Amino acid sequence: MARIEALLAGVEPSYAAEYRVRTKSGDWVWVLSGGFVVERDESGKAIRMTGCLFDNTRTKELEARVRRHAALVTLLQRVAVTANESSDASDAMVEALRAVCEYTGWTAGHVYVLGPGDDELVSAGLWWAEDAERIHPLREATRSMRFGRGIGLPGRVWATGRPAWIPDVSREANFFRADACGACGVRAMFGVPVIAEGEVAAVLEFFAADPMAPGDELVRMLEQVGRQIGQVIERGHAARQLRESEAKFRRHFQNNPVPIYVWRRERDDFTLVDANDAARCLTKGRVDSLFGTRAGVLFADDPQICRELNACLRDGSPIRREMTHRMRTTGEEKRLVVQFVAIPPNLVMVHTEDITERHLSQTALRESEERFRAIVEHSRDGICLCTTDAVIRYV
């Protein structure tokens, strides 16, 4: 009315307004109306005006749908950012509860996870509620709840791997937490599966103050939320498996009786970055002082080693050879069997077996055999060698 009065008083040249009216059938529709004065008397008083009236319901519905879709996109972006940045699934799930409740206006959210035996769902103790005190009875009732597959709303979500809901808990027969929901003013519940590695890893449950039947768009959105949280769990599993694998490798690496050195490719050279306990023993504990040293410096007098490091990493094939090497750490000359093994993308492990004693023994034996043969060959006496069973070996 204020706009029309301003128009009639000549303050505004025209007016336009949107409002809701109730039809004879009892339905509410949106109306867009507008008009302007077409004639005034000598005193300026409006004596004739014209205008029009449109049913704007469809436009308002489209606008509301666009707003809902934009809010859904914002919600999914929020959850996606949380899922991508979080390394802790618990933090990600609580943030997802918050985001969904703030978008929908639901009272609270809670997380169920698989118990120790993977045969039941138990409370994870993770909640979000704008009014934590209000849902205290519900939290207490939920704390000790256990749900088998297919039992209760969480169990149904677990069994099907699909969202499920209870439109009105007051009408649900044998509802386990009816008293607690009543005390908290909860009328509806919604459950969402969190899928990780193709299996339900957790169930997000939400509580609403009013009876509800969610639309398809909301159901699809909540499924996407569950999948995004599942990615955080999968990353956690992968990180744990990687840590376990690295720890296992580290144990094997350190306990290997063969000295092992690890070289890392850096620009045009290799740098010594690690060694096991056997290598420390071989170098009398001095190898640690060489970490960070470049191969080109360490083996300046034996460039063949640098060439083999490059060839091994380039071709991906192990290289094995026997060599005599003077230890930089001790000054000792050692006979070594060296094997180069590539670990892409930029590491080479060098297994170094000390065969000095064996080599010296073999050399001494060979020299002894040669001296004995020389004595025998130059002897003036006839010599016959035979085995204990009288088999002649040498005359």
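Everything below is about the structure shown above.
All values reported here derive from a predicted model rather than from experimental measurement.

Rules used throughout
Residues numbered from 1 in each chain as written. Predicted model: local features only at pLDDT ≥ 70, side-chain atom pairs only at ≥ 80, totals over all residues. Heavy atoms only, no water. Pairing = 2+ DSSP bridges. Helix = DSSP H or I, 4+ residues; strand = E, 2+ residues; numbered from the N terminus. Axes fitted to C-alpha atoms, helices over the stretch in contact; angles between N-to-C directions. Contact = heavy atoms within 4.5 Å. Buried < 20%, exposed > 50% of the residue type's maximum accessible area, 1.4 Å probe, protein only. Parallel < 35°, antiparallel > 145°, perpendicular 65-115°, else oblique. Left-handed = near helix turned anticlockwise from the far one by under 90°. Nonpolar A, V, L, I, M, F, W, Y, C, P; charged D, E, K, R; others polar. 1 Å grid on protein atoms, 1.4 Å probe; cavity = no way out; pocket = protein on both sides within 12 Å on 5 of 7 lines; lining within 4 Å. Points joined across faces, edges and corners; volume = space filled by probe spheres on them.

Enquirer: Would you mind going over the sheet that holds strand 10 (residues 260–266) in detail, with residue names and values included?
Expert: On the basis of which strands lie adjacent, the open sheet formed by 5 strands has the order 11-10-14-13-12 and antiparallel pairing. In this open sheet, the two edge strands, each paired with only one partner strand, are strand 11 (269–275) and strand 12 (319–326). Sheet twist, expressed as the average angle between the axes of neighbouring strands with direction ignored, equals 30 degrees. Sheet topology places strand 12 next to strand 13 (residues 333–343); 8 bridges connect them, and they run antiparallel. Among the inter-strand pairings, Glu 322 is bridged to a residue of strand 13, identified as Val 337. Set on the sheet, helix 7 (residues 216–255) makes contact with strand 10, strand 11 and strand 14 (347–354); between it and strand 11 the angle comes to about 90 degrees.

Enquirer: Hey, could you go over the pairing of strand 4 (residues 108–114) for me, with residue numbers and the actual values?
Expert: Of all 7 residues that make up strand 4, 5 are buried, and the element is covered over most of its length. The turn linking strand 4 back onto strand 5 (residues 121–129) is made up of 6 residues, and Asp 118 within it adopts a positive phi angle of 55 degrees. Bridge count between strand 4 and strand 9 (residues 199–208): 6 bridges; the pairing is antiparallel. Bridge assignment links His 110 to a residue of strand 9, and that residue is Glu 205.

Enquirer: Could you give an account of the packing of helix 3 (residues 89–104) against helix 7, with specific residues and numbers?
Expert: It is the contact of helix 3 with helix 7, at a shortest axis distance of 9 Å, that shows an interaxial angle of 165 degrees. As summarised for this structure, helix 3 and helix 7 are arranged roughly antiparallel, according to the angle between their axes. As for the relative orientation of helix 3 and helix 7, their crossing is right-handed in sense. Mapping the contact onto sequence places Ala 89, Ala 92, Met 93, Ala 96, Val 100, Tyr 103 and Thr 104 in helix 3 and Leu 218, Met 221, Leu 222, Val 225, Ile 229, Val 232 and Ile 233 in helix 7. Partitioning the contact of helix 3 with helix 7 into residue classes produces 13 nonpolar, 1 polar and no charged.

Enquirer: Please set out the layout of surface pockets residue by residue, giving values where relevant.
Expert: Of the pockets and cavities examined, the largest pocket occupies roughly 390 Å³. As for the largest pocket, its lining consists of 23 residues, of which Tyr 261, Leu 298, Phe 299, His 325 and Met 327 are closest to the centre. Put simply, the parts of the chain that give the lining of the largest pocket at least two residues each are strand 10, helix 10 (303–315), strand 12, strand 13 and strand 14. In terms of residue class, the lining of the largest pocket is built from 16 nonpolar, 4 polar and 3 charged. Roughly 220 Å³ of volume is contained in the second largest pocket. Around the second largest pocket, the lining residues are Ala 89, Ser 90, Met 93, Val 113, Ala 201, Ala 202, Val 232, Ile 233, Gly 236, His 237, Arg 240 and Arg 243. Mapped onto the lining of the second largest pocket, the elements with two or more residues apiece are helix 3, strand 9 and helix 7. Of the residues forming the lining of the second largest pocket, the biggest block, 6 residues, is contributed by helix 7. Grouping the constituent residues of the lining of the second largest pocket by class yields 7 nonpolar, 3 polar and 2 charged.

Enquirer: Which residues make up the sheet that holds strand 1 (residues 15–22), and what values go with them?
Expert: If you walk across this open sheet you meet the 3 strands as 1-2-3, and the pairing is antiparallel. On the outer flanks of this sheet lie strand 1 and strand 3 (46–55), each paired with one strand and no other. Each neighbouring strand pair of the sheet contributes to a mean axis angle of 30 degrees, computed without reference to strand direction. Taken together, the 8 bridges between strand 1 and strand 2 (residues 28–40) define a ladder with antiparallel strand orientation. Within strand 2, the position partnered with Glu 18 by the bridge is Leu 32.

Enquirer: Could you give me a rundown of unusual backbone geometry, with the residues and numbers involved?
Expert: The omega torsion of the bond from Pro 344 to Pro 345 falls at 10 degrees, within 30 degrees of zero and hence cis. Within the chain, Asp 118 stands out as a residue other than glycine whose phi angle is a positive 55 degrees. With phi around 55 degrees, Lys 284 is a residue other than glycine that occupies positive phi space. Its location among the elements puts Lys 284 in the loop between helix 8 (277–282) and helix 9 (295–298).

Enquirer: Please provide a residue-by-residue account of helix 5 (residues 152–160), values included.
Expert: Because each turn of an α-helix spans 3.6 residues, side chains separated by three or four positions end up pointing in the same direction. Taken residue by residue, helix 5 has Leu 153, Pro 154, Gly 155, Val 157 and Trp 158 as its buried positions. On its buried face, helix 5 sits against strand 4, strand 5, strand 6 (146–147), strand 7 (164–166), strand 8 (188–196) and strand 9. Looking one or two residues past helix 5, Gly 161 carries a phi angle of roughly 70 degrees, positive in sign.

On their own, these measurements won't tell you what the molecule is for.
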